[in-house]
Amino acid sequence: MNTIATIRPSRSELSGQSTRPSGRRGFVSRLVHVVRSLAKWTDNLLERRRSRLVLLEMTDDQLKDIGVSRCDAHREAIRPFWD
């Protein structure tokens, strides 16, 4: 057997999917994880914003029941969604 024959990949290695590096699958799974995390984070921010806006829709009696004044509800509702 000569040196060149030992360096060349066999035909089965060239044609099979098994030669795909596992790093690509690792990259895709990390990318999917990042996208899901970003979606979850965005969903949490939007949910926080929606719950703050609900305070503005509550009556004074409802706010009194949960121990929040109208001024506190307004102050909370005008906060930015990322805060």
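Nothing here was measured: the structure is a model prediction, and the numbers come from that model.

Hey, could you go over the overall build of the chain for me, with residue numbers and the actual values?
Helix and strand counts for the chain stand at 5 helices and 0 strands. In sequence order, the chain lays out its α and β elements as α-α-α-α-α. When each of the 83 residues of the chain is scored for burial, the buried share is 7%. Expressed as a percentage of contacts within the chain between residues at least 6 apart in sequence, the contacts between residues at least 24 apart total 45%. Carbon and sulfur atoms make up 58% of the accessible area of the chain, which amounts to about 7,400 Å² in all.

With reference to specific residues and values, describe the confidence of the model for the chain.
For the chain, mean pLDDT is 83; residues scoring 70 or higher make up 73% of the total. Ranking the elements of the chain by mean pLDDT puts helix α2 (residues 11-15) last with 61 and helix α4 (residues 60-66) first with 94.

Which residues make up the pattern of salt bridges, and what values do they have?
For side chains bearing opposite charge, pairing can occur when the charged atoms are close. Counting across every chain of the model gives 6 salt bridges. In this structure, the salt-bridge partner of Arg-79 is Asp-83, at a minimum N-O distance of 3.2 Å. Members of the salt-bridge network, linked through shared partners, are Arg-52, Glu-76, Arg-79 and Asp-83.

Help me get a handle on the environment of Phe-81, residues and values and all.
Residue placement: Phe-81 occurs in the segment after α5 (70-77). Classification of Phe-81 by relative accessible area gives partly exposed; the value is 37%. In this structure, Phe-81 is in contact with Leu-45, Arg-48, Arg-49 and Arg-52, ignoring residues within four places of it in sequence.

Run through a nonpolar patch on the surface, naming residues and quoting values.
Residues Phe-27, Val-28, Leu-31, Val-32 and Val-35 make up a contiguous nonpolar surface patch of about 430 Å² in total accessible area. Classification of Leu-31 as partly exposed rests on a relative accessible area of 45%.

Describe the side chain of Arg-52, with residues and values.
Within the secondary structure, Arg-52 sits in helix α3 (residues 22-57). A polar atom in the side chain of Arg-52 sits 3.0 Å from the backbone oxygen of Pro-80. Beyond its immediate stretch of four places on either side in the chain, Arg-52 contacts Glu-76, Ala-77, Arg-79, Pro-80, Phe-81 and Asp-83.

Scoring rules and cut-offs
Residues numbered from 1 in each chain as written. Predicted model: local features only at pLDDT ≥ 70, side-chain atom pairs only at ≥ 80, totals over all residues. Heavy atoms only, no water. Helix = DSSP H or I, 4+ residues; strand = E, 2+ residues; numbered from the N terminus. Buried < 20%, exposed > 50% of the residue type's maximum accessible area, 1.4 Å probe, protein only. Contact = heavy atoms within 4.5 Å. Areas by Shrake-Rupley, 256 points an atom, 1.4 Å probe, with all protein chains shown as cover. pLDDT = per-residue confidence, 0-100. Salt bridge = Lys/Arg side-chain N within 4 Å of Asp/Glu carboxyl O. Patch = residues over 30% accessible without salt bridge, like charges linked within 9 Å, V, L, I, M, F, W, Y side chains within 5 Å. Polar contact = N/O pair within 3.5 Å; in protein donor to acceptor, adjacent residues only side chain to side chain.

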